[in-house]
Amino acid sequence: MPKVKVNDITINYEQQGSGEPLVLIPYLAADNACYAFQVADYAKHFTCISLDPRGAGETDKPEGTYSTELFADDVAGFMQAIGVERAHVSGVSLGGAIGLWLASKYPQKVKTLSLHSCWPKTDPFLKVVVGGWQAMAKGLGSVQEMVVQGILPFCLTPELYAAKPEYVDQLAAFVRSRPKQPFDAFLRQSNAVIAHDALGQLGKIAAPTQITFGRHDIVTSTRFAEPLKSGIKKSELFVFEDCAHAAIYENVAAFNEKTLAFLNRHAG
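Criteria and cut-off values
- Residues numbered from 1 in each chain as written.
- Predicted model: local features only at pLDDT ≥ 70, side-chain atom pairs only at ≥ 80, totals over all residues.
- Heavy atoms only, no water.
- Helix = DSSP H or I, 4+ residues; strand = E, 2+ residues; numbered from the N terminus.
- Buried < 20%, exposed > 50% of the residue type's maximum accessible area, 1.4 Å probe, protein only.
- Polar contact = N/O pair within 3.5 Å; in protein donor to acceptor, adjacent residues only side chain to side chain.
- Contact = heavy atoms within 4.5 Å.
- 1 Å grid on protein atoms, 1.4 Å probe; cavity = no way out; pocket = protein on both sides within 12 Å on 5 of 7 lines; lining within 4 Å.
- Points joined across faces, edges and corners; volume = space filled by probe spheres on them.

Q: Mind laying out the side chain of N12, listing which residues take part and the relevant values?
A: Here N12 is to be found in strand 2 (residues 9–16). Here N12 falls in the buried class, since its relative accessible area comes to 0%. Among the polar contacts made by the side chain of N12, one reaches the side chain of D52 at a distance of 2.9 Å. When residues no more than four places from it in sequence are discounted, the contact partners of N12 are M1, P2, K3, N32, L51, D52, E58 and T59.

Q: If you had to explain unusual backbone geometry to someone new, which residues and values would you point to?
A: Residue A29 is not a glycine yet carries a positive backbone phi of 75°. Along the chain, the position of A29 falls in the loop between strand 3 (20–25) and helix 1 (36–42). Although it is not a glycine, S117 sits at a positive phi angle of roughly 55°. Relative to the helices and strands, S117 is located in the loop between strand 6 (110–116) and helix 4 (124–140). Looking at S117, the relative accessible area reads 4%, which means it is buried.

Q: Quick one: what's the story with the side chain of Q201, residue by residue and with numbers?
A: For Q201, the location among the structural elements is in the loop between helix 8 (183–195) and strand 7 (209–214). With relative accessibility at 12%, the residue Q201 sits in the buried group. Excluding residues within four positions of it along the chain, Q201 makes contact with W101, S104 and K105.

Q: Tell me about the layout of surface pockets, residues and numbers included.
A: Of the volumes computed, that of the largest pocket is approximately 160 Å³. Every residue lining the largest pocket is listed: E14, Q15, Q16, N32, A33, Y35, A36, V39, A40, C48 and S50. Of all the secondary-structure elements, those providing two or more residues to the lining of the largest pocket are strand 2, helix 1 and strand 4 (46–51).

Quick look at the structure:
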């Protein structure tokens, strides 16, 4: 996998497909492989560039305070380092939060913005949930096991657990197969989630934006739909009725179809 020096870190990434560049930003604790179910379809239309954010995967994990704005600065520097002037940008959850800062601080770099299970500013409920994940990761002594036992149940509906237990087991095995994130790096990443506030940046986003939520998501529920939709001028909203926080895994076909339709509409 290629690596590139950006700011004070070395960023690891994967590139696949052909066409206009599409930068995929992972969610909390994840590396570039989290978009495996999307890249297979996206790469038929776009050059998919999936990166490991600061603190995750095989990208450096320096000490210090992380923020969603800092992550966005990293992505902007990363794009410059690999020679991508402008790209479609897509992110799930934390990846979307980073996208908000990227599109508002570096509007010339973002052709379209895709925000999935995103939120503009962390509220008291989200702080409690993420704090619980931090406590669980510390107690288990493993970020991966915390993701499987703590985060995954928020990502998928109870109905999916009941109907497709073997699929849930496959997702858990996938999480365990990826590079292990040290607890201190997870703490820095998750503290960035807790401190996230891009509410004042929304009016600066000029790119056409797709906003999606899962109807059964309680982490970043549709309570965040209105502020995002009203704050971002050229935005459209879609709700996946049968999904929780991770429509990218719960209904792959519908998610890929809906998101690709948006991207293709704004390509060229």
